Structures are given as C-alpha cells and as structure tokens.
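# Results of the structural survey
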Amino acid sequence: PSALLAEECDLRVEIGGHVPYVEPGEYFGFAAEAINECDVALDFDLATMEISGPADYASDLYRGAPITVMPYSSIGKPVSLFVPYGTPSGTYTVAVNLYRGDLLLDSDSLWVDCGTER
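Counting restarts for each chain, with residues numbered from 1 along the sequence as it is written. A pLDDT threshold of at least 70 governs which residues receive local features in this predicted model, and a stricter bar of 80 or more applies before side-chain atom pairs are shown or counted, although totals over entire chains, interfaces and linings include all residues. To obtain the side-chain values, all non-hydrogen atoms of the structure were used and water was disregarded.

Our focus in this paragraph is the sheet that holds strand S3 (residues 27-36). Following DSSP output, two strands are said to pair if at least two bridges run between them. Elements are defined by DSSP. Helices are runs of H or I of four residues or more, strands are runs of E of two residues or more, and each kind is numbered from the N terminus. Strand order across the open sheet formed by 3 strands is S1-S3-S6, with antiparallel pairing between neighbours. Every interior strand has two partners, whereas the edge strands, strand S1 (12-16) and strand S6 (73-82), have only one. Sheet twist, expressed as the mean angle between neighbouring strand axes with direction ignored, is 20°. In this sheet, S6 lies alongside S3 in antiparallel orientation, the contact comprising 10 bridges. Counterpart to Ala31 in the pairing with S6 is Pro78. Note on geometry: axes are C-alpha line fits, over the in-contact stretch for helices, and angles between N-to-C directions span 0 to 180 degrees.

Attention shifts here to the nonpolar core. What makes a nonpolar core is a set of buried Ala, Val, Leu, Ile, Met, Phe, Trp, Tyr and Cys residues whose side-chain atoms join them at distances within 4.5 Å. For each residue, the accessible area found with a 1.4 Å probe, counting protein chains only, is set against the maximum for its type, and the residue is called buried under 20%, exposed over 50%, and partly exposed in between. In terms of nonpolar packing, the biggest core is built from 27 residues, with Phe28, Phe30, Phe44, Val94 and Leu98 touching the most fellow members. Only S1, S3, strand S4 (42-52), strand S5 (57-69), S6, strand S7 (90-100) and strand S8 (103-114) provide two or more residues apiece to this core. For this core, the leading source of residues is S4, giving 5 residues.

Attention now moves to the state of the cysteines. Two cysteine sulfurs form what is called a disulfide whenever their separation falls within 2.5 Å. Applying the stated criterion to the full structure yields 1 disulfide. Bridging Cys9 to Cys38, the disulfide has an S-S length of 1.9 Å. A torsion of -95° about the S-S bond marks the disulfide between Cys9 and Cys38 as left-handed. With Cys9 in the segment before S1 and Cys38 in the loop between S3 and S4, this residue pair connects regions lying 29 residues apart in the sequence. Judged by its relative accessible area of 4%, Cys38 is buried.

So, about the sheet that holds S8. Spatially, 5 strands are ordered S2-S8-S7-S4-S5 in an open sheet, and the strand pairing comes out mixed. Looking at which strands have only one partner, the edges of the open sheet turn out to be strand S2 (21-22) and S5. Examined bridge by bridge, S4 and S5 share 9 bridges and lie antiparallel to one another. Looking at the pairing, Phe44 lines up with Ile67 of S5.

Attention now goes to the confidence of the model for the chain. Summary statistics for the chain give a mean pLDDT of 91 and a share of 92% for residues scoring 70 or more. A low-confidence stretch, residues 1-7 (pLDDT under 50), is modelled with 2 contacts involving residues beyond four sequence positions or located in other chains. A score between 0 and 100, pLDDT records how confident the predictor is in each residue. Contacts between residues were defined by any pair of non-hydrogen atoms, one from each residue, lying within 4.5 Å.

Attention now moves to unusual backbone geometry. Phi is mostly negative for residues that are not glycine, and the peptide bonds are mostly trans. The phi dihedral of Tyr72 is positive, around 55°, even though this residue is not glycine. Looking at where Tyr72 falls in the secondary structure, it is placed in the loop between S5 and S6.

This is the structure in structure tokens:
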C-alpha cells in the first residue's frame, strides 16, 4: 500500500525559538509547530515531549481528537516549562514527536544547557 512509502508527503514537526541556557528555578520556552507541505489536509492526535540528559522527563503536549492541518499551512503552540530547583546540571535534549495513532509522523529536537557555566 502507498501509505507505507517513506517518500509519501506527511506532517512534520519543527521546534525552536529557545535560549541555549537555563538555570534551575527559571522557565524554559520554545515554539512547537506541525507543518503540512502536502496537497491534502492531514491530521495528528498525539504530540509528545521527551527530555533526556542528566535527568529525564516525558509529557504529552497534546492527546485527543485529531487536529487537522490544512494543505500548505501549519499550527503551533508555545511550550513553557518550569525547571525545578535541584535539576542536575548538564546538557539536555528536548524532543517533540508527532503521531497519528501509533504511527510516528516526525520528530525534532533541540539542546539546552542547564545550570552550567555560560
């Protein structure tokens, strides 16, 4: 079936607009965007965030009824996270994953240093 072809057009995710350094006790923010560069409307029903580094964290950014992204358009949202006091210093990878059912559509990641020398 054509749905299994890797080159088929589908949604992609982009994250960015962040600062490269954060201290425990501060907020860390970035923008997450689902982008449709295809000729047809496409949807997703799950967006997850996974943080890995000296301490790991995972959360759903969205889980629910399918959200439709019209052709050649995008939808996005700002994400803001409080970095708890006591968070271990080091470099963290923040990944956002976009799903339709069990199918991973796309993933994007960024890096941020926490509590290390600027």
